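# Architecture and fold: a report
Here is how the chains run, residue by residue.
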Amino acid sequence: MNEIIHQEWFIIYGIPLLIALARVCDVSIGTLRIIFIAKGFRLWAPILGFFEVSIWLAAITQVMANLTNATNFIAYALGFSLGNYLGMYIENRLAIGMVVVRIITKRDSQALVSALRTLGYSVTVADAEGNTGAVNIVFTLIKRSNIKIITPIILHY
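Residues numbered from 1 in each chain as written. Predicted model: local features only at pLDDT ≥ 70, side-chain atom pairs only at ≥ 80, totals over all residues. Heavy atoms only, no water.

### So, the sheet that holds strand S2 (residues 123-130)
To be explicit about the condition: For two strands to count as paired, DSSP must find a minimum of two bridges between them. A run of DSSP states H or I qualifies as a helix once it reaches four residues; a run of E qualifies as a strand once it reaches two. Both are numbered from the N-terminal end. Convention adopted: a line fitted to C-alpha atoms gives each axis, helices being fitted over their contacting stretch, and angles between N-to-C directions are expressed from 0 to 180 degrees. Contact definition: two residues touch when any of their heavy atoms are within 4.5 Å.
Taken in spatial order, the three strands make up an open sheet running S1-S3-S2, and their pairing is antiparallel. Since the sheet does not close on itself, it has two edges, and those belong to strand S1 (98-105) and S2, each with one partner. Within the sheet, the average angular offset between the axes of one strand and its neighbour, ignoring direction, is 25°. Here S2 pairs with strand S3 (residues 133-143) via eight bridges, running antiparallel. Paired with Glu 129 across the strands is Ala 134, a residue of S3. Against the sheet, helix H4 (residues 110-118) engages S1, S2 and S3, with an angle of about 160° to S2.

This is the structure we're talking about:
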């Protein structure tokens, strides 16, 4: 009798939990895979794709094997949603790639340009005309992971 209760508990709660966890994993991996493709990481994308599809097959097999349990459908959808969130969170923490920082200022930009160049950044400066007069446009290319380092420097000048 006790074994039957454990089996029912696993079918009602355990399988949906495993389905949700599998979806969180496979969708997170899929999100990263797509980002890696966009960033040109040609080796990592197929490796991640292999694990993504393997996990997805395990999850969908459990859903299809237990079609009478509506909780499985909810777990599948919940895992998908949480997987998207987790994948974006991980990608944001990895901060892969480069960004162009464009600074438009009415102030003299020479001190800022000098500070950025001292830190090893390549900087391009252009004089331009804004709505209310002359401005300087400062461009620099930085790693996404350095945005939090560069922002206070820009705001200081």
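### Description of the nonpolar core
Note the cut-off: We define the nonpolar core as a collection of buried residues of types Ala, Val, Leu, Ile, Met, Phe, Trp, Tyr and Cys that are connected through side-chain atoms lying within 4.5 Å of one another. Working definition: with a 1.4 Å probe on protein chains only, accessible area under 20% of the residue-type maximum means buried, over 50% means exposed, and in between means partly exposed.
Ranked by internal contacts, the top residues of the largest apolar core, which has 13 residues, are Ile 103, Leu 112, Leu 116, Val 138, Ile 150, Ile 153 and Ile 154. Here this core gets four residues from one element, more than from any other, and that element is H4. Residues within four places of Leu 116 in sequence aside, it is in contact with Tyr 121, Val 123, Val 138, Thr 140, Ile 150 and Ile 153.

### Brief notes about the side chain of Arg 144
Operational definition: Polar contacts here mean pairs of N or O atoms no more than 3.5 Å apart (in protein, one a potential hydrogen donor and the other a potential acceptor; neighbouring residues in sequence count only if both atoms are side-chain atoms).
Take Arg 144: it is sitting in the loop between S3 and helix H5 (147-156). Here Glu 91 takes part through its side chain, which lies 2.6 Å from a polar atom of the side chain of Arg 144. Engagement of the side chain of Arg 144 in a polar contact is seen with the backbone oxygen of Ile 96, the distance being 3.5 Å. The contact partners of Arg 144, leaving out residues within four places of it in the chain, are Glu 91, Asn 92, Ala 95, Ile 96, Gly 97, Met 98 and Val 99.

### As for the packing of H4 against H5
Put simply, the test is: Our angle categories are set so that under 35 degrees counts as roughly parallel, over 145 as roughly antiparallel, 65 to 115 as roughly perpendicular, and the remainder as oblique. Crossing handedness follows the turn of the near helix against the far one: under a right angle anticlockwise gives a left-handed crossing, and clockwise gives a right-handed one. Gly is placed with the polar residues, together with every amino acid not listed as nonpolar (Ala, Val, Leu, Ile, Met, Phe, Trp, Tyr, Cys and Pro) or charged (Asp, Glu, Lys and Arg).
Here H4 crosses H5 at 155°, and the two axes come no closer than 9 Å. In terms of orientation, H4 and H5 fall into the roughly antiparallel class. In this structure, H4 crosses over H5, and the sense of that crossing is right-handed. Along its contact with H4, which presents Leu 112, Ala 115 and Leu 116, the element H5 presents Ile 150, Ile 153 and Ile 154. Its residues placed into classes, the contact of H4 with H5 shows six nonpolar, no polar and no charged.

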